Every structure is written in C-alpha cells, then in structure tokens.
Amino acid sequence: MIRVCLAGATGWAGSELARAIAPLDDLSLVAAISRRRAGRDLGDVLGEPRLRCRVYPSAQEALSEPCDVFVEYTKPDSAKSNVLAALEDGAHVVIGTSGLTDADYAEIDVVAREQQRGVLACGNFALTVVLLQKFAETAAKLIPQWEIVDYASDSKVDAPSGTARELAARLAKVRPPQPTIPLDSTVGPREARGATLSGTQVHSLRLPGYVISAEVIFGMPDQKLTIRHDSGSSARPYVDGALLAIRRVSTLVGVHRGLDTVLDL
Ligand SMILES: NC(=O)c1ccc[n+]([C@@H]2O[C@H](COP(=O)([O-])OP(=O)(O)OC[C@H]3O[C@@H](n4cnc5c(N)ncnc54)[C@H](OP(=O)(O)O)[C@@H]3O)[C@@H](O)[C@H]2O)c1
C-alpha cells in the first residue's frame, strides 16, 4: 500500500486524481492540502465517501501524517517549498504543477539526491503529450530548426506552460536549434520572436476557448512538420499518467522529467 499526500486535492486536476485513488487497493490517500477546505474531511468535500483523510492548510502540517509519496498539484508560487518540505520529510515526490524553472529543478535535485529520494516531474501526464515529446525528439535529430507554440485559457497564470518548458528542455538534449538569423539580429521588437527556453523559441497564447494545446513546428527548406497535442475540457487525461508516476517514483533517485522515464517506449 502506497500512502499518498495530495497537495491541491480540491482543485480541477487534484480532485479528479483523488477520486481515482478512492477505489484503489494499492494506493491510500492519507492527507490532502487546500487552504480554503482546511480542517474538513476530503471525502465530504468531494462527495466521495471512500476518501477518509483530513485536509490541511499547508504541506508542513499535512506531512505530520506519514506518507510515501507526496503529489504536488497546487500553483507555481507554492510548489517548490512544498516539494522541498516533502523531500526533507523523506517522501518521494510527483510534480504535476507547472511553472517551475530549470533552476528550481536543479535545486530540488540536490535535495532529492541528498535524501536518496525520487522526484518525477511531468509537465503533462497525458499519453498524447508523452508521444508528442518522443516524436519531437526523433524529428529534432534530423531537422535542425523548430519553434514551440503553447496555447492555454486566459486564466492560466504561468507562461510558458509546463508542457512547453518540458518539451524545450528535452529538445535541448537532442541539440540546440539553429535559426538562420540569430535572435540578436532581429529587426523590430525582440519579443516578437517569443521567449527563449532551453535554446528554443516558445510563443504562448492565453485566450478564452483554449484548455491546453502544445505544438512544435519543424521547418526545412520547402517542407515542414507540425506535431500537436490538444486537451479536452476534463482532467481525466492526466489521471492514468499521475497514477503511474505515483506507483513508479520510488524506483528513482533525483529529479526526472517526463512520464516516459517510467514508461517502456
Ligand atoms: N501535469 C499535468 O498533467 C497537469 C494537468 C493539469 C494541471 N496541471 C497544473 O497543475 C496545477 C494545478 O492546476 P489546477 O487546474 O488543478 O488548479 P486549481 O483548480 O486552481 O487547483 C489548485 C489547488 O491547489 C490548492 N492551492 C493553491 N495554492 C495553494 C497554496 N498556496 N497552499 C495550499 N494549497 C494551495 C487549491 O486549494 P485552495 O485554493 O483552497 O488552497 C486547489 O486545491 C497548475 O500548475 C496546472 O498548470 C498539470
């Protein structure tokens, strides 16, 4: 039985995950985190009687309940301190929250290795995103120029998305993209070329009507390739990937990014 503490258990993504854990025999939710529902029983909050755990206002308080895996599904401003607290407490960590930077992950990696604990950070748990990442890595081996477009709803506070950040970081490991005109030689506002993340230009749209989409465009003379993922409006696509991450994270030490770390692709 894996004991799970879920930060963000009342949110859009976290509540779907909590409901999916409720009937499982191998996972048990032992603590939840939400400021507005603190002090209540999570089962009452979510209308799921099989969930019997208390909601705490902070990670520090929730970690008073012993857990094996801490799942971070809150917001970028609280994610890093929650993760560090969980590692210090001896838990393995699954990170679903977006917005953490490469520098944040480097800092978390140091603590995870000191504690000999695993951290599995997945900017997107959906299977179609995992496939987008793999296909894009293959394309980057053969095509030297690409850019990423990241689409999300107008209410998403962080930009670029975790999906776009993770994709840029992975493509950087294949090779740096080679733009024909260096960015510093751009004529006009530099911002028109987007943000540079791990060497890739990333363009973020935030508009009503979008949920999460990610697109990577590879260009070669007289041909181009577009690989794109689109999410629907429910949080269901993220559940199976998050459950797999929870079950496998204890096999890791240090920070690992992307669900394919624990998939046989
Ligand atoms: N990796 C993936 O596949 C994936 C999928 C979906 C979403 N996400 C990411 O996951 C994160 C959460 O998304 P969401 O749509 O579920 O957000 P949401 O609906 O706003 O839920 C956020 C949850 O975190 C809690 N929370 C927020 N700030 C907190 C704090 N300072 N201390 C304690 N609890 C706090 C909220 O409860 P209170 O407000 O009551 O504190 C709520 O339970 C975002 O970064 C999103 O981009 C990732």
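This text follows the structure it describes.
Residues numbered from 1 in each chain as written. Predicted model: local features only at pLDDT ≥ 70, side-chain atom pairs only at ≥ 80, totals over all residues. Heavy atoms only, no water.

**Side note on the pattern of salt bridges**
Pairing is possible between side chains that carry opposite charge, provided their charged atoms lie close to one another. Put simply, the rule is: We define a salt bridge as a side-chain nitrogen of Lys or Arg found within 4 Å of a carboxyl oxygen belonging to Asp or Glu. Strands are runs of DSSP state E lasting at least 2 residues, helices are runs of H or I lasting at least 4, and numbering of each runs from the N terminus. For each residue, the accessible area found with a 1.4 Å probe, counting protein chains only, is set against the maximum for its type, and the residue is called buried under 20%, exposed over 50%, and partly exposed in between.
Inspection of the entire model under this criterion finds 19 salt bridges. For Asp260, the salt bridge identified is with Arg170, shortest N-O distance 2.7 Å. Here Asp260 is found in the segment after strand E12 (254-257), whereas its partner Arg170 is found in helix H7 (residues 162-174), with 90 residues between them in sequence. By relative accessible area, Arg170 is classed as buried at 10%.

**So, the site of the ligand**
How we decide: For each residue, the test is whether any non-hydrogen atom lies within 4 Å of the molecule or strand; if one does, the residue is near. Polar contact is defined as a pair of N or O atoms within 3.5 Å, subject to the rule that within protein one atom must be able to donate a hydrogen and the other to accept it, and that residues adjacent in sequence are counted only when both atoms are side-chain atoms. Residue burial considers only the protein chains on display, and all accessible areas are found by Shrake-Rupley using a 1.4 Å probe. Ten residues, namely Ala, Val, Leu, Ile, Met, Phe, Trp, Tyr, Cys and Pro, are considered nonpolar, four, namely Asp, Glu, Lys and Arg, are considered charged, and the remaining ones, Gly among them, are considered polar.
Not every one of the 24 residues close to the ligand is listed here, only the nearest: Thr10, Ser34, Arg35, Ser98 and Phe125. In this structure, an oxygen atom belonging to the ligand sits 2.8 Å away from a side-chain N or O atom of Ser98. With the chains in place, 85% of the 910 Å² that the ligand exposes on its own is no longer accessible. Taken together, the residues of the shell around the ligand break down into nine nonpolar, 11 polar and four charged.

**Some points on the sheet that holds strand E8 (residues 195-197)**
Within a sheet, neighbouring strands are paired by backbone hydrogen bonds and run either parallel or antiparallel to one another. What counts is decided by this rule: Should DSSP find at least two bridges between two strands, the strands are taken to pair. Geometry is summarised by axes, namely lines fitted to C-alpha atoms with helices restricted to the contacting stretch, and by angles between N-to-C directions that run from 0 to 180 degrees.
Read from one edge of the open sheet, five strands run E8-E9-E7-E10-E11, paired in mixed fashion. Sheet topology places E8 and strand E11 (223-230) at the edges, where each strand pairs with a single neighbour. Strand-to-strand twist across the sheet, computed as the mean angle between neighbouring axes with direction ignored, equals 25 degrees. Across three bridges, the pairing between E8 and strand E9 (residues 200-206) is antiparallel. Across the sheet, Ala195 pairs through a bridge with Val202, a residue of E9.

**Examining the pairing of strand E6 (residues 118-121)**
Keep this limit in mind: Every crossover in which the path from the first strand over the helix to the second runs clockwise, viewed with the strands pointing away from the viewer, is termed right-handed.
Burial along E6 is two-sided: the residues Gly118 and Leu120 and Val119 and Ala121 are all buried. Note: strand E5 (residues 92-95) against E6, three bridges, orientation parallel. Note on E6: the bridge partner recorded for Val93 is Val119. Viewed along the sheet, the connection from E5 through helix H5 (residues 102-115) into E6 turns out right-handed. In this sheet, E12 lies alongside E6 in parallel orientation, the contact comprising four bridges. Residue pairing for E12: Leu120 is matched across the bridge by His256.

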